[in-house]
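# Commentary on secondary and tertiary structure
Spelled out, the chains give:
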Amino acid sequence: MNQDHSSCYAPIMPITPRPSLVFERGQGSYLFDGEDRRYLDWVQGWAVNCLGHSPAAVAEALNRQANTLINPSPAFYNRPALELATLLTKNSVFDEVFFANSGAEANEGAIKLARRWGQKHKNGAYQIITMKNAFHGRTLATMSASGKPGWDRLFAPQVDGFPKALLNDVDSVRALVGPETAAVMFEPVQGEAGVIPATPAFVQEIAALCKQERLLLIVDEVQTGCGRTGTLFAYEQFGVEPDIMTLGKGIGGGTPLSALLARREISCFDPGDQGGTFCGNPLICAVGLAVMQALLAPEFLPRVRETGLYFAERLTSLSNGLGLGEVRGNGLLLALELGRECAYDAVIRARKAGLLLNAPRAHSLRFMPALNSTHEEIDEGIRILDDVLSEILAEEATADVP
Ligand SMILES: *Cc1c(COP(=O)(O)O)cnc(C)c1O
């Protein structure tokens, strides 16, 4: 059972350095490897398992729908897609939904919709102002929309039309607005950049600027949506009404589902403009429906907010105790600034100690636990994290002694 599954030998493209572990099963906040070792999981499939690993609601929905109807083709309506779209529009400022399979695909759709709107209603305007350090996906267009350092040269030439502004700097956005501008697109919290929240003032001023200049406001809520930041959608916390929103990650509870939502006034695809073989298939929409129903249960989101505050408090006292940096984020999308470049080392040591973590940058850790995590689970993870970081700091202190 102790085979080496390292990516060098596996017939799987080595697109990321993987440990030689193979996870066999998951349950709630925990993953189990081939030797049945238990790991507390604060990555949760990259913030996708909002209800934890293999939740009964998701397994049951998949089972029931698999036995009923898997895919009649995107050219026909199906019940789960209709019901999920109804639930999403009833609980947001949007009126219409296009379902897709990944966050990048939903964002591609948002970009296409904004360009189509520019063609039809704004003299061919096609530019979408996006932010430095933003992450919108890994297709060519969404990589071009992203502001990840180095991505402007990787796979050059880029898709044209994504001038970059700075998050939380309204003037940097205003300076880029011109006759070709169709939209402004941003993440309410830049997740991949290291959990950098947009400020309320920035979001409100951008919304006002969009109104004044007749630009579409696009929020990429692939990471922040579906309860992750404590409200159903993060835009609610700013008192603004975007024109377009994208969802992914959490909406599928771990299965591949994403969505592009738009307000009726600007929703302007003609038949044939947009589509996809698997888009809106009932198998996965049934899961999305089960996830949304769980998130909309009256006690669910208040509990995410409470758990998020508890987690942030525990992180803050850990950070104060060890003399580390800032704790950032909303709800259960949090980050700890380490003040030194030991995050990758911390991830490896934590894994050996039974805690799965993510380091978005060399100096910060990101936490994306299941939204239904308990205080006991948080306490357990904080204990392991405290041990691991104390050990790193102790070694650092010894190394500093001349
Ligand atoms: C993860 C992410 C994406 C890309 O989603 P995929 O499903 O990996 O294509 C896009 N935008 C944001 C904000 C994300 O966090």
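Provided above is the structure to which this section pertains.
A brief report on the enclosed structure follows. Throughout this document, residue positions are counted from 1 along each chain, in the order its sequence is written. The predicted origin of the model limits local features to residues at a pLDDT of at least 70 and limits the giving and counting of side-chain atom pairs to 80 or more, whereas totals for whole chains, interfaces and linings rest on all residues. Where side-chain values are given, they derive from all heavy atoms of the structure, hydrogens and water being excluded.

### Quick notes on the packing of aromatic side chains
Two rings belonging to Phe, Tyr or Trp (six-membered ring only in the last case) form a pair when the distance between their centres is within 6.5 Å. Interplanar angles under 30 degrees mark stacking, angles over 60 mark edge-to-face geometry, and anything in between is tilted. The full count for this structure, using the stated rule, is eight aromatic pairs. Ring centres of Trp42 and Phe311 lie 4.6 Å apart, and the angle between their planes is 50°; on these two criteria the pair is classed as tilted. Within this pair, whereas Trp42 is found in the loop between strand 3 (38–41) and helix 1 (44–47), its partner Phe311 is found in helix 9 (residues 300–322), the two being separated by 269 residues in sequence. For the pair Phe233 and Tyr235, a centre-to-centre distance of 6.1 Å together with 5° between the ring planes defines the contact as stacked. Exposed residues in this analysis have more than 50% of their type's maximum accessible area, buried residues have under 20%, and partly exposed residues fall in between, with area computed by a 1.4 Å probe over protein chains only. Take Tyr235: its relative accessible area is 4%, and that puts it in the buried class. Each residue in the set Trp42, Phe311 and Phe367 is aromatic and connected to the rest through ring pairs, giving one cluster. Should the NZ of a Lys or the CZ of an Arg lie within 6 Å of a ring centre and within 35 degrees of the ring normal, that charge is described as sitting over the ring. One cation-aromatic arrangement involves Arg38 over Tyr30; the distance from NZ or CZ to the ring centre is 3.9 Å. For the purposes of this entry, the term helix denotes a DSSP run of H or I that reaches at least four residues, the term strand denotes a run of E that reaches at least two, and both are numbered from the N terminus.

### Details of the sheet that holds strand 4 (residues 96–100)
Read from one edge of the open sheet, seven strands run 4-12-11-10-7-5-6, paired in mixed fashion. Each having just a single partner strand, strand 4 and strand 6 (164–165) make up the two edges of the open sheet. Any two strands with at least two DSSP-identified bridges between them are counted as paired. Summarising the sheet, strand 5 (residues 127–131) and strand 7 (residues 181–186) pair through three bridges and their orientation is parallel. The partner of Ile128 across the bridge, within strand 7, is Ala183. Sheet strands touched by helix 4 (residues 103–121): strand 4, strand 5, strand 7, strand 10 (216–220), strand 11 (244–247) and strand 12 (258–262). Its angle to strand 12, the strand with the most contacts, is close to 25°. Should any heavy atoms of two residues lie within 4.5 Å, those residues are counted as being in contact. To define axes, lines are fitted to C-alpha atoms, for helices over the stretch in contact only, and angles between the resulting N-to-C directions are given on a 0 to 180 degree scale. Strands strand 5, strand 7 and strand 10 of the sheet are contacted by helix 7 (residues 200–213), whose axis makes an angle of about 145° with strand 10.

These figures come from the coordinates and say nothing about function on their own.
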